[in-house]
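Examination of the molecular architecture
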Amino acid sequence: TQLLEQSPQFLSIQEGENLTVYCNSSSVFSSLQWYRQEPGEGPVLLVTVVTGGEVKKLKRLTFQFGDARKDSSLHITAAQPGDTGLYLCAGASGNTPLVFGKGTRLSVIA
Amino acid sequence: NAGVTQTPKFRILKIGQSMTLQCTQDMNHNYMYWYRQDPGMGLKLIYYSVGAGITDKGEVPNGYNVSRSTTEDFPLRLELAAPSQTSVYFCASRAWTGNQPQHFGDGTRLSIL
């Protein structure tokens, strides 16, 4: 059974601080997807990383896929209250259902 | 473009009642999924479908049933509602290729009392 371990589970920081969320597995995935979920809504895709070692930037968010395609990280620079939400990583392997981590609940305090 | 539409948005059921959660997508996606999300937790896969007429169990299928008679629709049925089924239910769809993202509906918040 493929598992994705996300850490930390909860994170509460002040506006302007930096943070990193980790997503780790013992399994190899063909891609890693990151989603953000806001209260009362479904998760929305932020980014997909496909190649080992790949780095993608989305404004203040930087996503990295590990060289062995088993882990990924999300780094947020100068966090803002609008970044508050549940961040989920999900591993894709062929056409089987995505494997989701349990999520990191981020709260950015103004 | 509607994407994935779920109805109803909210529902309260009594123990033992039955209901169907509706999900429809207009993106012609082959793959559809049902998840439940308990308070403060991640997503747990209930059932999924890779195309019309084909369904398969996920991680937590007990107490639920699904059908997929068309590409667009993937309803989830609760036959005998139990308090443990109180949760937020999300439907999602995805195109056939493995690295494509999942598109989620806005969820159905279900309480069993």
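Everything discussed here concerns the structure shown above.
Here's what I pulled together on the structure shown here. (Residues numbered from 1 in each chain as written. Chains lettered and ligands numbered in written order. Predicted model: local features only at pLDDT ≥ 70, side-chain atom pairs only at ≥ 80, totals over all residues. Heavy atoms only, no water.)

Concerning the pairing of strand β9 (residues 87-94) of chain B
Residues and elements named next belong to chain B.
- Of all eight residues making up β9, eight are buried, and the element is well covered by its neighbours.
- A two-sided burial pattern is seen for β9, the buried positions comprising S87, Y89, C91 and S93 on one face and V88, F90, A92 and R94 on the other.
- Pairing of strand β4 (residues 31-37) with β9, which is carried by seven bridges, proceeds in the antiparallel orientation. Residue pairing in the sheet places W34 in a bridge with C91 of β9.
- Across three bridges, the pairing between β9 and strand β11 (residues 108-112) is antiparallel. (Buried < 20%, exposed > 50% of the residue type's maximum accessible area, 1.4 Å probe, protein only. Helix = DSSP H or I, 4+ residues; strand = E, 2+ residues; numbered from the N terminus. Pairing = 2+ DSSP bridges.)

So, the layout of surface pockets
- Empty space within the largest pocket amounts to approximately 600 Å³.
- Taken together, 25 residues make up the lining of the largest pocket; nearest its centre are A:L3, A:V99, A:F100, B:L43 and B:E59.
- Looking at the lining of the largest pocket, the elements that each hand over two or more residues are β1 (5-7) and β10 (99-100) of chain A together with β5 (43-51) of chain B.
- Examining the composition of the lining of the largest pocket, we find that four residues originate from one element, β5(B), more than from any other.
- Within this model, the second largest pocket holds a volume of roughly 420 Å³.
- The wall of the second largest pocket is formed by 25 residues, among which A:Q37, A:G40, B:Q37, B:V88 and B:R109 lie closest to the centre.
- Contributions of two or more residues to the lining of the second largest pocket are made by β9 (85-92) and β11 (104-109) of chain A together with β9 and β11 of chain B. (1 Å grid on protein atoms, 1.4 Å probe; cavity = no way out; pocket = protein on both sides within 12 Å on 5 of 7 lines; lining within 4 Å. Points joined across faces, edges and corners; volume = space filled by probe spheres on them.)

Geometric descriptors of this kind do not, in isolation, establish any biological role.
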